[in-house]
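The lines below spell out each chain.
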Amino acid sequence: MNAERIAICYVVATEITITAFLVDQIRNLASRHHVCVALKTNNPQFLAQRGIDAKVVPVPIERKIAPWRDARALLALYRLFRRERFALVHSVSPKAGLLAMLAGFLARVPVRVHTFTGQVWVTRKGFARWILKLMDRLIAAFATHVLVDSPSQREFLLAKRVVSAEKSLVLGNGSISGVDVTRFRPDPESRGVLRRQLNYRDDDVVILYLGRLNRDKGILDLAEAFQRIAAATANAHLLVVGPDENGICTMLRAALGTAAERAQFFSYTDRPQEYMAAADVFCLPSYREGFGTVVIEAAACGLPAIASRIYGLTDAVVDGVTGILHAPGDIDALTAAMTRLATEPHLRRTLGEAARARALADFQMTALTSALLGFYAKILN
């Protein structure tokens, strides 16, 4: 990349996208170039507090469709892009992508990049599916370059004619950012501390779900499967960590029935590695997923995964090697997989060791950041 410092703008909807996935990339870019981050935030200093020299511009980007607010956000982005004359704008998440790519096109930003991390419309039907799919097609049309965070997701988008082969690619082996293996690793000390706090015995098997709580993540399937295995597997426990969306926790507890006494719930955490260190199995029975970065984070901690056989997750889990895949919505298969990993410690250990080895070999954050910097160098020259 040229020694000249250029102006780059990242556009996302919320702080969590940056703090959970993009901090390393932005830190590296900010050490080389002028970096701006546009997003909805009440704390414009959140990057400075992490020692990152990047400008934060609050923009009222809503995750859900809100025509009047969306128009205001579009105008704010257009004015920002015209004023700052960015060489490159890079967006992540559907709403931020649509607004940023359109504003970038209108403002004549020369390089416009969007990263696809999953498709909301996959689980929708009728008009909602059509309009959400159209949004993704518009994002791809207004972008000059498209990144997709998993090979199987790219194949899906190609088959659905959302992106073109010429414009799209996957960095490295996939994922939006890779995994920080210094942060996500087996940690016996943290494991012991948290398990004592949560009243788990040494021989208890803790099945962890970590992520947003909504139907698309298959969380109700997980609850039903755990309810089925609870009676026959007395040392199995369920640990659910993530923000509740639309009051689904009430439905979860109902689906668990009497097994709810062996389930614990915690809201969003900024230290997911501690819960992963305390767990024995990671479970993500999702109906849609871009890549499933949380799966390789758990893998780096030495956890085998149970996951649905959908695009994205088939790149994050090697069936029978680093975890067990099941058909989405197949609660019988999910129950069988949970039973196997809850009752076969040797299998848990073997799959967990293979999962960590693959995370270290294929998905380290440093490799993904290097790939992104190389991609920028190529498209900006």
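Heads up: the structure comes first, above all this text.
This is a predicted model, so every value here is computed, not measured.

Side note on the sheet that holds strand 12 (residues 305-308)
1) Next: Across the sheet, six strands lie side by side as 10-9-8-11-12-13; this open sheet has parallel pairing. Each end of this open sheet is capped by a strand with a single partner; those strands are strand 10 (263-266) and strand 13 (323-326). Averaged over all adjacent pairs, the angle separating strand axes in this sheet is 20 degrees, with direction ignored.
2) Next: As defined by bridge partners, strand 12 adjoins strand 13 across four bridges and the pair is classed as parallel. Bridge pairing in strand 13 places Ser308 opposite His326.

Thoughts on the layout of surface pockets
1) Next: Looking at the second largest pocket, its volume works out to about 390 Å³.
2) Next: Lining the second largest pocket are 20 residues, with Arg191, Ala279, Asp280, Gly302 and Leu303 positioned closest to its centre.
3) Next: Counting only elements with at least two residues in the lining of the second largest pocket, the list comes to helix 6 (188-197), helix 9 (272-278) and helix 13 (345-362).
4) Next: Ranked by the residues each element gives to the lining of the second largest pocket, the list is headed by helix 13, at five residues.
5) Next: Residue composition of the lining of the second largest pocket, by class: ten nonpolar, two polar and eight charged.

Side note on helix 13
1) Next: Helix length check: helix 13 (18 residues) gives 26 Å between terminal C-alpha atoms against 26 Å at 1.5 Å per residue, within 8%.
2) Next: Among the residues making up helix 13, those that are buried are Leu347, Arg348, Leu351, Gly352, Ala355 and Ala359. Buried residues of helix 13, seen end-on, are gathered within an arc of 120 degrees and therefore sit on one face of the element. Pointing more than 90 degrees away from the buried face of helix 13 are the exposed residues His346, Glu353 and Ala361.
3) Next: As for helix 13, its buried residues are in contact with strand 8 (205-210), strand 11 (281-284), helix 10 (293-300), strand 13 and helix 12 (331-343).

Some details on the environment of Leu171
1) Next: Relative to the elements of secondary structure, Leu171 occurs in the loop between strand 7 (168-169) and helix 6.
2) Next: The contacts of Leu171, once residues within four sequence positions are left out, are Leu147, Val148, Leu368, Ala371, Leu372 and Phe375.

Re the side chain of Arg154
1) Next: Position of Arg154 among the secondary structure elements: in helix 5 (residues 151-159).
2) Next: Buried within the structure, Arg154 lacks any salt-bridge partner; Glu155 is the closest side chain of opposite charge, at an N-O distance of 4.0 Å.
3) Next: For Arg154, the residues in contact, after removing those within four places along its chain, are Val148, Ala165, Ser168, Leu169 and Val170.

Reading the values: the criteria
Residues numbered from 1 in each chain as written. Predicted model: local features only at pLDDT ≥ 70, side-chain atom pairs only at ≥ 80, totals over all residues. Heavy atoms only, no water. Pairing = 2+ DSSP bridges. Helix = DSSP H or I, 4+ residues; strand = E, 2+ residues; numbered from the N terminus. Axes fitted to C-alpha atoms, helices over the stretch in contact; angles between N-to-C directions. 1 Å grid on protein atoms, 1.4 Å probe; cavity = no way out; pocket = protein on both sides within 12 Å on 5 of 7 lines; lining within 4 Å. Points joined across faces, edges and corners; volume = space filled by probe spheres on them. Nonpolar A, V, L, I, M, F, W, Y, C, P; charged D, E, K, R; others polar. Expected span 1.5 Å × (residues − 1). Buried < 20%, exposed > 50% of the residue type's maximum accessible area, 1.4 Å probe, protein only. Arc of directions from axis to C-beta. Contact = heavy atoms within 4.5 Å. Lys, Arg positive; Asp, Glu negative; His and termini not counted. Salt bridge = Lys/Arg side-chain N within 4 Å of Asp/Glu carboxyl O.

Remember, this is a structural readout, not a statement about activity or role.
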